[in-house]
Amino acid sequence: MSESFKPADPARRGALKTLAGAAAGAASLPLWARYAGAQSAEPIRIGFQMHATGIGAAYGRWYDRTTRAATSLINEAGGINGRPVEIVTEDDGTDPKRGAEVVEKFANQHNCDVGYGTLFSHVVMGSAPRAGELKMPYFVVSEGHHVASGALNRWTVQPGICDVKSQVLAMAPFVSQTLGKKVTMIFPDYAFGHDHRDFFSEAMAANGGEVIAKLAIPPTETSFTKYFPKIPRETEVIYHVMVGPAVLTFVKEMGEFFGPSRPEIFGFIDSLEAVDLSSPGLEFLEGTYFWEGMPRYAQPDQTPYDAHYRAAVGVDETGASVNDPKDVSTYAHMFGCWETLYVIKAGMEAAGYQGPADRQKLIEAVEAMTDMPHSNEHPQGAKRFNGKTHQVFGPQYISKLEGGRLDVIHTASLEETFYPDEVDYTARSF
Amino acid sequence: MDFGPYLLLASLEGAVTAAVLALMAAGLSLVFGVMRVVNVAHGEFYMLGAVLAWVVASAVGGGPVLGFVAALVVAPLLVGALAAAADVTVLKRLDYDPERTIVATIGLLYILQQLTLMGYGPEARPVAPPFNARLALPWVEWGDAGPQLYWPWGLSITSYKLFVIGAAVAVLAGLWLFMTRTRVGLVMRATQLDGEMAQAFGIPVERVYAGVFGLGAALAALAGVLIVPIQQAHYLMGGEALLLSFIVVIIGGLGSLAGTVIAAVLIGMSDGIISVFFSPTLAKIIATLLVAFVLVFRPRGLMGKAAR
Amino acid sequence: MTGRGREIALHGGLVALLAVLAFVLPAYHHGNVARVMVLAVYAMGYNLAFGYTGLLSLGHAMFFAAGMYGMGLPAYHLGLGAGLSFVAGLAAAAGLALAVGVLALRTAGVAFMIVTLMFSQAAYLTILLFGTYTRGDEGLVLTRASRVLAGVDLSDPMARYVAALGLFAVALFFTLWLVRQPEGRVLVAIRENEERAELLGYNVFRHKLAAIVLSGTMSGAAGAAYGLLFGYVGASFAEVQYSIFPLLWVLLGGAGTVIGPFLGTLFMFYLIDLSADITSAYMLIAGLALVLLTLFAPQGLGGEIRRRWAGWLP
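Keep in mind it's a predicted model, so treat the numbers as computed, not measured. Along each chain, residues carry numbers from 1 onward, in the same order as the chain's sequence is written. Working convention: letters from A go to chains and numbers from 1 go to ligands, in the order in which they are written. With the structure being a predicted model, the display of local features is reserved for residues of pLDDT at least 70 and the display and counting of side-chain atom pairs for 80 or more, all residues being used for whole-chain, interface and lining totals. In computing side-chain values, all of the structure's heavy atoms are included and hydrogens and water are not.

Q: Quick question: what am I supposed to make of helix 2 (residues 27-52) of chain C here?
A: In an α-helix there are 3.6 residues to a turn, and that puts residues three or four apart on one side. Residue and element names in this part refer to chain C. Helix and strand assignments come from DSSP, with helices taken as H or I runs of at least 4 residues and strands as E runs of at least 2, each series counted from the N terminus. What a helix should span is 1.5 Å times the count of its residues minus one. Taking 1.5 Å per residue as the helical rise, helix 2 with its 26 residues ought to reach 38 Å, and the 35 Å between its terminal C-alpha atoms agrees with that figure. Here the bend at a residue is taken as the angle between two axes, fitted respectively to the seven residues that end there and the seven that start there. A bend of about 35 degrees at Tyr46 is the largest found in helix 2. With respect to burial, helix 2 is a largely interior element, 24 of its 26 residues being buried. Positive phi shows up at Gly54, right after helix 2, with a value of about 80 degrees. The cut-offs for exposure are 20% and 50% of the maximum accessible area for each residue type, with area from a 1.4 Å probe on protein chains only; residues under the lower value are buried, those over the upper are exposed, and the others partly exposed.

If you want it as structure tokens, here you go:
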């Protein structure tokens, strides 16, 4: 608990520390020389839209830690274009209205170069129109399909995390071939849940399977047992993707409902991000399968990139904070922050970015990106960016929960996550 | 699942919801009935009860039973004391003006949420139940050879959920005895009927108010402790609970403890049972409208007396 | 100056000041004030029901959302122009307010609070239920093209500000006019003593219904304008906290004053925004401020002005 007694938003302090670090760095010769070599030693300011309060706060905390870790590494290595990076954090309360206000604050008050870091899709949808009107590059880390669906604008990109559509498409072959053909889906009655429902139903049909029941749970629900009898008896696989603080209850009650005889269960780890898998009530999940954006537990064949990333963020082998084993990270999502920051860096370097006047060049430079090799900058895996849809694609992992830990048993390749373009943002005006 | 067993299962789940709701709403009803103020922060007292249950259970150690029992004692006491302090320092100075109390308790809600977020964090954390056996339930079916018992797929409840129902009934019975059979209860009811008259008769109204506010909060906290092994402690859990218990109090009829309990059962059960017939979100809409229409056609609530 | 003159000078002065500010304010605050003016229309709409007629609703988010979706759905799916879709938003809010009013006004006091609260919850869930058209919580982003009113692109900062100011001025002067009409006085009489108003021969139900419809329509106008000006229509605006906000703004600014809702909205916006600059625990500051304000400014900001300096404030 010592960790959590710090202010809820250590980012602001982090930003100060980053600045202080930059100042200290400026005193030592090599860094000083590098910054002085740039046309301006003014920091590059990245506005970080953080879910510090509201329903997304558990994610926001780890998005913040990842952001700070990547930023301090980038600064140690000389910053971007010879300038230090400063993170300007604003809490959006996980609310679309406040999100839009925060974007305005970044652009007009803090003079940020770019906005970055939003997770919840309704906040992205509420904020992106303002980012477009203010002509500020807006890098979201949301896994929503909003960017690639064409609903947003030329200024909004998602280069660090795959969208829900490609995640879901890549899962269907495994589910139908390994677990069973008849699937019941349980998901929140949110747009995000509907995306799962629609894309997965389609993909299962294409893989010779069938979704036989779809249970959309209202978002404020806190007790679930009453819905489980709607699961058809012939169900072979349950597919669950729940979000919010009630997910533990959901899993626990599902276990109590089925007792000893359960079907196969496949879930998105979103249901249990930031949750300790040894929590009471989760014993039931032993032997079930999970999608993971990035494996929470260090795997036997761990890459040096994962080790580097894990150590920098301060996450141990089991995916918990090195300071507190009960403080479990949102490991399957937060890599997106790390990778997005490195994309911003690469984009600014390619565009020769000097200041807000070069924002358009930055977007064009990002649109020109294609392959991103598996590396310290992209620890989750090798990726491909689609400049037309502003969306990145990458490998997906399926893990089995055994002996209280998640071990990867299947990796869906990059190609399995592709789908036809739905938009060409490069044809739209700035 | 067959219709009969499904209905039984949904009713049992509804009963658990109703039990927790009744406890929480009884606290709110007391505050509302005696002091005539809307306490927007009531849900936060419920949340604090759940969060403190986690804190106490983690600090005590020595198995889930000991931790849970300690939480059951400590959390309501602490929360009750906190609420009484808030009453003396803030609400009293507002003269219990209904509108100003709303703003002040919204302020209190912000403060409590932010402090919990800073001290406890944004995660949902579980507390291990003291016992939690899964009890499969039988169902009767008339076959060729007369009635037959069988165990339908999925029809079960846990021993802890049964305990929650029992505990709520016991606490509510205790509360009723306290209000009707003790001197303090009598004083509270006198204050409820006419505060000025009570004061004239030498009843220390200020102390009664602080006591009522504390007792109401303690009941909410108790509900929080009871629910936390089923749900989890989370800093935003108070909002939904506040709305539901507020609804229960008004549907039941102001100041009627019996009405509050009946309304809690009605709302908890209808939420469970309606979910049998419709898709989940539609069921929620129908249940919500149904309850609203109870009030539209019976504006004083189920057991409400004529307005004074 | 006569009372009438002072009134017009004060409110006209406020609108004139806001008009001047359009050219003076730095970009960030320029955007904020535009936003606050739209939200203040919502608060003024709420004030008609609560401040003047004494109807404490906990469900006004449904009217705000009815305006927003009544505008947004035809604009998004049918490509309706900004003007027509705004009118559609007004109609949706007015229709909903009429239906809710007829039912909810059978109750009074706390029961009215709960009935409006529950209708509003049902409205929120209905938006989710029809996720195919509304995209549920995620909501819809309106295209630039659907936000052009009479050839003016409302996404342009100055156009947005002027549009917000126009709506604000209309709502402000309408309220001012209304409360000086016999109708407005009847509403206040109902707030002060419903039985006496009834005895004097007023059809209390009909007047209250009129207040709810006007209040709901004004709230819906704010919702429709908010969607048009900021390009986003989402279910979070129908959640319960958006029913609590106007109550809070009105109480902070001073219930039953014309200018109070604006003051309260402005105050609350900058309370959050500025305290977030000082500390990450800004909710703590906001909470303390609310508690202190109720202790030391019992009638709200506008009420305090009226008490101390300007007893004539309408």
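Q: Would you take a moment to explain the side chain of Asp163 of chain A for this structure?
A: All names here are of chain A. Tracing the chain through its elements places Asp163 in the loop between strand 5 (156-157) and helix 6 (164-179). Here Asp and Glu are counted as negative and Lys and Arg as positive; His is not counted, and neither are the chain ends. By definition, a salt bridge exists where a carboxyl oxygen of Asp or Glu is found within 4 Å of a side-chain nitrogen of Lys or Arg. It is Lys165 that comes nearest to the buried, bridge-free Asp163 among opposite-charge side chains, at 7.2 Å. Polar contacts, as used here, are pairs of N or O atoms within 3.5 Å; protein pairs need one atom able to donate a hydrogen and one able to accept it. Residues neighboring in sequence count only if both atoms are side-chain atoms. At 2.7 Å, the side chain of Asp163 and the side chain of His145 are in polar contact. Reaching out from Asp163, the side chain makes a polar contact with the side chain of Tyr419 at a distance of 2.7 Å.

Q: What is the right way to read the domain arrangement of chain A from this model?
A: When the parts of a complex come together, some accessible area is lost, and that lost area is often used as the size of the interface. Residues and elements named next belong to chain A. By the assigned domains, chain A splits into domain 1 (3-162 + 328-394) and domain 2 (164-292 + 396-417). Working rule for contacts: check all heavy atoms of both residues, and any pair within 4.5 Å makes them a contact. Every contact between the two is made by 20 residues of domain 1 and, on the other side, 21 residues of domain 2. Simply put, the buried area is the total loss of 1.4 Å probe accessible area from both parts when two parts are fitted together. For the pair domain 1 and domain 2, the summed buried surface comes to about 1600 Å²; carbon and sulfur atoms form 55% of the total. Sorting the residues of domain 1 by area buried against domain 2 places Glu143, His145 and Val328 first, and these three jointly supply 31% of that buried surface. Between the two partners, domain 1 and domain 2, sit zero salt bridges. Inspection of the region where domain 1 meets domain 2 yields nine residue pairs in polar contact (both at pLDDT 80 or more). When residues of the side of domain 1 that touches domain 2 are traced back to their parent elements, those giving at least two are helix 3 (57-76), helix 10 (331-351) and strand 12 (383-386). Here the element with the most residues in the side of domain 1 that touches domain 2 is helix 10; it accounts for three residues. Domain start and stop positions are those given by an automatic or database domain assignment.

Q: For this particular structure, what's the right way to read the interface of chain A and chain B?
A: Each side of the interface is counted separately: chain A has 44 residues, and chain B has 43 residues. Buried area between chain A and chain B, both sides added, is near 3600 Å², and the carbon and sulfur share of it is 59%. Here chain A and chain B share four salt bridges between them. At the junction of chain A with chain B, the criterion picks out 17 residue pairs in polar contact (both at pLDDT 80 or more).

Q: Help me understand the interface of chain C and chain B, please; the structure alone is not making it clear to me.
A: With 40 residues of chain C at the contact, the number on the chain B side is 37 residues. Across the chain C/chain B interface, buried area totals approximately 3500 Å², and carbon plus sulfur atoms make up 86% of it. Looking only at chain C, the three residues that lose the most surface to chain B are Met118, Met283 and Thr294 of chain C, adding up to 17% of its buried area. Taken together, chain C and chain B are joined by zero salt bridges. Summed over the shared surface of chain C and chain B, the number is three residue pairs in polar contact (both at pLDDT 80 or more). Examining the composition of the side of chain C that touches chain B, we find that 13 residues originate from one element, helix 5 (residues 109-129) of chain C, more than from any other.

Q: What exactly am I supposed to notice about the UniProt feature "transmembrane region" (unreviewed entry) in chain B here?
A: Residue and element names in this part refer to chain B. Per the UniProt record, "transmembrane region" (unreviewed entry) is annotated on residues 6-33, 45-62, 68-90, 102-121, 160-179, 208-230, 242-267 and 274-297. Counting secondary structure, residues 242-267 comes out at 85% helix and 0% strand; the distance between its end C-alpha atoms is 14 Å. When the span residues 274-297 is considered, its composition is 92% helix and 0% strand, and the gap between its end C-alpha atoms is 20 Å. UniProt positions are given in the numbering used here, feature names are shortened, and annotations may be inferred rather than shown by experiment.

Q: Whenever I open this one, unusual backbone geometry confuses me. Can you help?
A: Most peptide bonds take the trans configuration, and most residues that are not glycine carry a negative phi. Backbone geometry at Lys135 of chain A places phi at a positive 55 degrees, although glycine is not the residue there. Counting through the fold element by element, Lys135 of chain A comes out in the loop between helix 5 (121-133) and strand 4 (138-139). Under the relative-accessibility criterion, Lys135 of chain A is labelled partly exposed at 39%. One non-glycine residue, Ala150 of chain C, adopts positive backbone phi at about 50 degrees. As for its placement among the helices and strands, Ala150 of chain C is situated in the loop between strand 2 (148-149) and strand 3 (152-153). Judged by its relative accessible area of 78%, Ala150 of chain C is exposed.

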